Protein chains: 2
Amino acid sequence: MNLSNLLNKKFILFDGAMGSMIQKENINTLPELLNLENPHLIRSIHKKYIEAGADIITTNTFGANNHKLKKYNVDSDLIIKNAIEIAKSVQKNNLIALDIGPIGRMIEPMGKMTFDESYEFFKKQVIAGEKYGADLILFETFSDIYELKSGILSAKENTKLPIFATMTFSDDKRTFTGTDIKTMISVLEGLNVNALGINCSLGPDKMESLVDKLVKYSSTPIIVQANAGLPDYQNGNTIYNINSNEYNEHTKKLMNKGIQIIGGCCGTTDEYIRKLNNSRKQIPFKPVFDKNYSFISSYSKTYDVSKNIHIIGERINPTGKKKLRQAIIEENMEYITNLALKQKEEGAEILDVNMGVPKIDENKLMIKSIKEIQKLIDIPLQIDSTNIEVIDNGLRYYNGKAIINSVNGKKNSMEEIFPVIKKYGAMVICLTLNEDGIPETMEKRLQIAKNIENTALKYGISKKDLIFDFLVLAVSAQQNELYNTLSTLSYVKNTYNYNTTLGVSNVSFGLPNRKILNRTFLAMALQAGLNLPIINTSSQDMIDTINSYKVLANIDKDCKKYISIYSEQKEEEIKNETL
Amino acid sequence: MNLSNLLNKKFILFDGAMGSMIQKENINTLPELLNLENPHLIRSIHKKYIEAGADIITTNTFGANNHKLKKYNVDSDLIIKNAIEIAKSVQKNNLIALDIGPIGRMIEPMGKMTFDESYEFFKKQVIAGEKYGADLILFETFSDIYELKSGILSAKENTKLPIFATMTFSDDKRTFTGTDIKTMISVLEGLNVNALGINCSLGPDKMESLVDKLVKYSSTPIIVQANAGLPDYQNGNTIYNINSNEYNEHTKKLMNKGIQIIGGCCGTTDEYIRKLNNSRKQIPFKPVFDKNYSFISSYSKTYDVSKNIHIIGERINPTGKKKLRQAIIEENMEYITNLALKQKEEGAEILDVNMGVPKIDENKLMIKSIKEIQKLIDIPLQIDSTNIEVIDNGLRYYNGKAIINSVNGKKNSMEEIFPVIKKYGAMVICLTLNEDGIPETMEKRLQIAKNIENTALKYGISKKDLIFDFLVLAVSAQQNELYNTLSTLSYVKNTYNYNTTLGVSNVSFGLPNRKILNRTFLAMALQAGLNLPIINTSSQDMIDTINSYKVLANIDKDCKKYISIYSEQKEEEIKNETL
Ligand SMILES: [Zn+2]
Ligand SMILES: [Zn+2]
Ligand SMILES: [Zn+2]
């Protein structure tokens, strides 16, 4: 059996719970230790699932990390070795998934475990998994996407195994640390997992709306492994309240919605899996397809930036800003996070973060700033640097799917940036300049854009993750080309549906009364199809223009937000009008 | 010989001066009286011109109007009767043009002669011209376009004769009363003359730049009849300083530029015409073609409203304005003209004039307002009424080519308005509504626009004179359709190149902080292709937006006007930026 022959071609069936099967035998040790103490039991459980029809069996290694194993004085390598050997001993025409659950400690910023520590625990596990012959890795039952990211990175950087990843959601449609379905998809697809989905916590009856969202937003094969309903404690045993028939009926509903991979979680047994195996033969399989969302996210908030508009706050950038430069030099994090908070309050939906001060450790400052800002606010960030190491580390430690500012049409730039974008998952601002500088004509800028798009594709990065910047120059210097910028914007929007950004305030450089030029240009650019205006959110004129645009462009439905912001001014207005 | 076989098909040759030929004979009476006193002389002059090759000879009737003839106690009808009979007596294969010069009194507002009095003088002449057998009417040597308009209207309303019209220009490229070439073309083409052009005052050597403009802007066959240079007084005789060879060489240059009709004016004789007749056989004829300018004008200022943008000031409209309503009722012209002056100062380039107050004599007030406003300011007006009589009279007494506000897609409206537009020459705002009201969808509004365009064409009115209004409704009421308004605007601009107008401030009705919605919508609409924003020019925000737009859209070249307006604010700005 070969994963690539199955994936997104037919329903893949996982096994059910390991724990519940062990519990049946009334054994009360750490389940992972049974790989050493009672291999026979584990072997028999695998065997039952294989006989029930599972395509993939999951090793008994959910908690097999050196944090959890520490007090038992046993190494994860040994547990995983035995677990895989057991699975292999009964393997027929089925695949073996190395099961990896959370480490069991809270990761930063809520906990004390660092991203790197988490990474190291997982690294031992995934290396062992590959070494002893697992066919794929299943990260499952994660609540914290940041921890999951560290695990996936450890697998990507240390093995060649396919990666499946599932998270566990509460009734409120979020994970314990606040990640929603869209955000999970955004981050996991950025990391290029082979399958993603949800498991545990809820029964299949409570998963319908989550599955609807998965099917709507995921371009990656979708896994669903539900519990057998809610647990009930009877005579010291945990019983789950959905029997195999009910479970089967509910799961069939989910399969009909368009998921690709099924299996069981807590409370399910080979009886459940056998029924699913039967059901999957009766339900038409729908492959997942590319949804082409241009997602960016923090750990809890995701935008499709191709829709509507999203304001990028430009002010965490020391260029020409004395006080900020000083704060960066002094590592005055409070100054930086205040700037972040203020911009969010003013209406920024994404924050550019640039630490480009000469002679400082930009790399360190970028990581620190990202972490400190993400502690306090939940909007996505744009990592802004000319240094590839800074960009790499920024993306590594960022919790979510960021924007990178920027790549350009130079060969060197693309060779440096694109592999990093592909590895971590990010959107990237593409400046339409190249070795010859900024072309004077829009035709040439558009040619550069096309070249960037084609080159990105060779790295496996598609148009949906590119944001083009056709470069606003000062109207006082290049009046003719400036007007072409907007025509080009409008043209590429209609013709190529590119995502676009513009640094709006450049337009007025060198002229008096800059704010009226800026706000007028902003409105024109939005009408021409600008997605991501980079603006100074402390300018009330700019914010007023955005708020008005959202009303006029039918984004602020029924003018609700607009009225809530401006209604105190209403009476005065009406008075003025009767003049 | 038939005019329609000649016009715009080959060079048409007029005769030369009548006065100079008479002067040769040392006769010092009123030339027109010679039709009675010395028909032989006039006959011999016509004969010489016919022998020289003229296609059209001009009757000896330049001053034959009852104002000039009053003191001679002779009626214009008699002079014209004799003049045409003389011309007919020598007619060979040539046409006879009834020559009509200015009345000889200043017309209102500079003089005391009313438009109607002027009309009546001309009416007697043109009726006589047709009655006694002239083939066409030549209005020539006019300085005042308003007087010329009264003449052309008298000819259109009382005869079926073709109309040729020429005006006389000074070195400053304007007529004595300030009309430039573009304005002359705009008004005369609006009145549907069969040929238009320039004559007298200048020699052909000084006419090159005027002819360049004629060729650039006229869609009507172009007449040029230059003087034989500047007059010189020798021995009590007037001598002209360009001889027939020089005259011929200069005129050939003008012919090569693309004029269609030539002839001589003061100082030219049959010798000059003979040479032109020879020359025209050697020069390739270029027919005039439709230039498709969307011209509107006052008597001295013309815009092509399809280019760039032009602000229509909305405030001379009593709807919802108590004070203006009162002023109209009281015929307080000072209040109205002050409103006009103020709007022009604020930046209005066109003024809407609406006198719609119930129970007043709207017709009288409209004529009076137009006349009083035109006395003081020189920008084009937009005549705004729902009453066809008011529109008809407004157009009749307006000095220039106005905009009419408005026609709509109702059958009645089009049947009433289009004939008036065709007769006087005007652009017209076309509201995209019909018998069923304002359609909710933009598709249907566009269908109405197409129907209006097609119906207009049946009346001989082409797209260039139509201005479409896709009707801005309050975003608070029709948010979805409002956004479509801008998409439609953009679409019709790209697809049909329609001229468009919008009453911008309707958009914010019922919402707080209307000015930010209005100014943002204005910028968006301009970007989408709006030509003629109807705005309240007393709103600084709107004017700032327009001024900024003109910079950003490369209309205000090198930001010159912008800098001149806002530069005093520059220093303060720079201070703010260093914060
Ligand atoms: Zn579970
Ligand atoms: Zn003359
Ligand atoms: Zn003349």
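Small disclaimer: the values here were computed from a predicted structure and weren't measured. (Residues numbered from 1 in each chain as written. Chains lettered and ligands numbered in written order. Predicted model: local features only at pLDDT ≥ 70, side-chain atom pairs only at ≥ 80, totals over all residues. Heavy atoms only, no water.)

1. Concerning the overall build of chain A
In terms of helices and strands, chain A carries 23 helices and 20 strands. In terms of overall size, chain A behaves like a compact globule, its C-alpha atoms giving a radius of gyration of 26 Å where 579 residues would be expected to give roughly 25 Å. Taken over the C-alpha atoms alone, chain A extends approximately 85 × 55 × 40 Å along its principal axes. Burial analysis of chain A (579 residues in total) assigns 61% to the buried set. Considering only contacts within chain A whose residues lie at least 6 apart along the sequence, 74% involve residues at least 24 apart. Accessible surface, chain A as shown: approximately 22600 Å² in total, 48% of it carbon and sulfur. Averaging the coordinates of the 71 positive side-chain charges in chain A and doing the same for the 68 negative ones gives two points 3 Å apart. (Helix = DSSP H or I, 4+ residues; strand = E, 2+ residues; numbered from the N terminus. Rg over C-alpha atoms; globule rule 2.2 N^0.38 Å. Buried < 20%, exposed > 50% of the residue type's maximum accessible area, 1.4 Å probe, protein only. Contact = heavy atoms within 4.5 Å. Areas by Shrake-Rupley, 256 points an atom, 1.4 Å probe, with all protein chains shown as cover. Lys, Arg positive; Asp, Glu negative; His and termini not counted. Charge placed at Lys NZ, Arg CZ, Asp CG, Glu CD.)

2. Details of the pattern of salt bridges
If you walk through the whole model with that rule in mind, you get 56 salt bridges over all chains. Here A:D75 makes a salt bridge to A:K124, at a shortest N to O gap of 3.2 Å. Taken together, the residues A:D75 in the loop between α5 (66-69) and α6 (76-90) and A:K124 in helix α7 (residues 115-132) connect sequence positions 49 residues apart. A residue is classified by how much of its surface remains accessible, and A:D75, at 28% relative accessible area, is partly exposed. Residue classification places A:K124 among the partly exposed residues on the basis of a relative accessible area of 37%. For B:D270, the salt bridge is made with B:R274, and the minimal N-O distance between the two is 3.9 Å. On the criterion of helical spacing, the pair formed by B:D270 and B:R274 is a turn pair, its members being 4 residues apart in helix α12 (residues 270-280). Residue class for B:D270 comes out buried when judged on its relative accessible area of 13%. Looking at B:R274, the relative accessible area reads 41%, which means it is partly exposed. Via salt bridges that share partners, A:E208, A:D212, A:K253 and A:K257 belong to a single interconnected network. (Salt bridge = Lys/Arg side-chain N within 4 Å of Asp/Glu carboxyl O.)

3. Describing the relation of the copies chain B and chain A
After a rotation of 180 degrees and a shift along the axis of 0.0 Å, chain B superposes on chain A with an RMSD of 0.1 Å. Expressed as an axis order, the relation between the two copies is that of a two-fold axis. Within chain B, the C-alpha atom positioned nearest to the axis of rotation is that of B:M524, 2.4 Å from it. A symmetric contact is evident, with 100% of the interface residues of chain B recurring at the interface of chain A. (Least-squares fit on C-alpha atoms with pLDDT ≥ 70 in both.)

4. A closer look at the domain arrangement of chain A
Residues and elements named next belong to chain A. As far as domains go, chain A holds domain 1 (3-280) and domain 2 (295-571). Opposite the 25 residues of domain 1 that make contact, domain 2 presents 22 residues. Between domain 1 and domain 2 lies a buried interface of about 1800 Å² when both sides are counted; carbon and sulfur atoms form 47% of it. Broken down residue by residue, the surface that domain 1 buries against domain 2 is led by Y146, K149 and S186, which jointly contribute 25%. The interface formed by domain 1 and domain 2 includes 3 salt bridges. K371 serves as the salt-bridge partner of E108, at 3.1 Å between the closest nitrogen and oxygen. Linking domain 1 to domain 2 there are 15 residue pairs in polar contact (both at pLDDT 80 or more). Going through the elements one at a time, α7, α8 (145-158) and α9 (181-190) are the ones with two or more residues in the side of domain 1 that touches domain 2. Per-element tally for the side of domain 1 that touches domain 2: the top contributor is α8, with 6 residues. (Domains from an automatic or database assignment. Buried area = accessible area lost by both parts, 1.4 Å probe. Polar contact = N/O pair within 3.5 Å; in protein donor to acceptor, adjacent residues only side chain to side chain.)

5. Remarks on the coordination of the zinc ion (ligand 2)
Residue and element names in this part refer to chain B. All of the protein donors around the zinc ion (ligand 2) are C200 (SG), N227 (OD1), C265 (SG) and C266 (SG); their distances to the metal are 2.0 to 2.4 Å. Around the zinc ion (ligand 2) sit 4 donor atoms, and with donor-metal-donor angles ranging over 91 to 124 degrees the site reads as tetrahedral. Sequence spacing among the residues donating to the zinc ion (ligand 2) works out to C-x26-N-x37-C-C. Here the zinc ion (ligand 2) and the zinc ion (ligand 3) are spaced 3.5 Å apart, with C265 acting as a shared donor. (Donors = N, O, S within 2.8 Å, 3.2 Å for Na, K, Ca; no water. Tetrahedral: all angles 85-135°; square planar, octahedral: opposite > 155°, others 65-115°.)

6. Considerations on the coordination of the zinc ion (ligand 1)
All names here are of chain A. With distances of 2.1 to 2.6 Å, the protein atoms coordinating the zinc ion (ligand 1) are C200 (SG), N227 (OD1), C265 (SG) and C266 (SG). Around the zinc ion (ligand 1), the 4 donor atoms are arranged such that angles at the metal cover 91 to 132 degrees; this shape is classified as tetrahedral. Sequence spacing among the residues donating to the zinc ion (ligand 1) works out to C-x26-N-x37-C-C. Linking C200 in the loop between β6 (195-199) and α10 (208-217) with C266 in the loop between β10 (261-264) and α12 (270-280), this pair joins segments that are 66 residues apart in sequence.

7. Some words on the sheet that holds strand β17 (residues 427-431) of chain B
For sheets, the rule is that strands pair by backbone hydrogen bonds, running either parallel or antiparallel. All names here are of chain B. Reading around the circumference, β13-β14-β15-β16-β17-β18-β19-β20 is the order of the 8 strands in this closed barrel, with parallel pairing throughout. Between one strand axis and the next, the sheet turns by 30 degrees as a mean value, whatever way the strands run. Here strand β15 (residues 381-384) pairs with strand β16 (residues 403-408) via 3 bridges, running parallel. Bridge pairing links I383 to I404 in β16. Against the sheet, helix α15 (residues 362-376) engages β13 (312-316), β14 (350-354) and β15, with an angle of about 175 degrees to β15. (Pairing = 2+ DSSP bridges. Axes fitted to C-alpha atoms, helices over the stretch in contact; angles between N-to-C directions.)

8. Observations concerning the interface of chain B and chain A
Contact with chain B, which involves 44 residues of that partner, is made by 44 residues of chain A. Counting every contact that joins chain B to chain A gives 0 salt bridges. Our count for the chain B to chain A interface comes out at 14 residue pairs in polar contact (both at pLDDT 80 or more). Where the side of chain B that touches chain A is concerned, the elements lending two or more residues are α19 (479-495), α20 (514-528), α21 (540-552), α22 (560-566) and α23 (570-577) of chain B. Among the elements that make up the side of chain B that touches chain A, the one with the highest residue count is α20(B) (10 residues). Of the residues in the side of chain B that touches chain A, the class split is 21 nonpolar, 12 polar and 11 charged. (Nonpolar A, V, L, I, M, F, W, Y, C, P; charged D, E, K, R; others polar.)

9. Description of the sheet that holds strand β15 (residues 381-384) of chain A
Residues and elements named next belong to chain A. The strand order around the closed barrel built from 8 strands is β13-β14-β15-β16-β17-β18-β19-β20, with neighbouring strands paired in parallel fashion. Each neighbouring strand pair of the sheet contributes to a mean axis angle of 30 degrees, computed without reference to strand direction. Two elements, strand β18 (residues 466-469) and strand β19 (residues 499-503), share 3 bridges in a ladder whose sense is parallel. Each bridged residue has a counterpart across the sheet, and for I467 the counterpart in β19 is N499. Of the strands in this sheet, β16 (403-408), β17 (427-431) and β18 are in contact with helix α17 (residues 411-424), which crosses β16 at around 155 degrees.

10. Brief notes about unusual backbone geometry
Here the residue pair A:N405 and A:S406 is connected by a cis peptide bond, since its omega of 20 degrees sits within 30 degrees of zero. Note that A:S406 resides in strand β16. The phi angle at B:T141 is positive, at roughly 65 degrees, despite the residue not being glycine. Mapped onto the elements, B:T141 comes out in strand β4 (residues 136-142). For B:S201, which is not glycine, the phi torsion reads 60 degrees and is therefore positive. On the basis of relative accessible area, B:S201 is assigned to the partly exposed category, the value being 35%.

11. Concerning the packing of aromatic side chains
Working definition: an aromatic ring pair is given by the centre-to-centre distance plus the angle between the planes. Residue and element names in this part refer to chain A. Scanning the model with the defined rule gives 34 aromatic pairs over all chains in all. Measuring from centroid to centroid gives 4.7 Å for F115 and Y146, while their planes differ by 40 degrees, and the two rings are tilted. One end of the pair, F115, is in helix α7; the other, Y146, is in helix α8, and 31 residues separate them in sequence. Its relative accessible area of 0% is what places F115 among the buried residues. Aromatic pair F122 and F142: ring centres 5.9 Å apart, planes at 45 degrees, arrangement tilted. Here F142 lies in strand β4 (residues 136-142) and F122 lies in helix α7, a separation of 20 residues in the sequence. Overall, F142 belongs to the buried group, its relative accessible area being 0%. (Phe/Tyr/Trp six-rings, centres within 6.5 Å; stacked < 30°, edge-to-face > 60°.)

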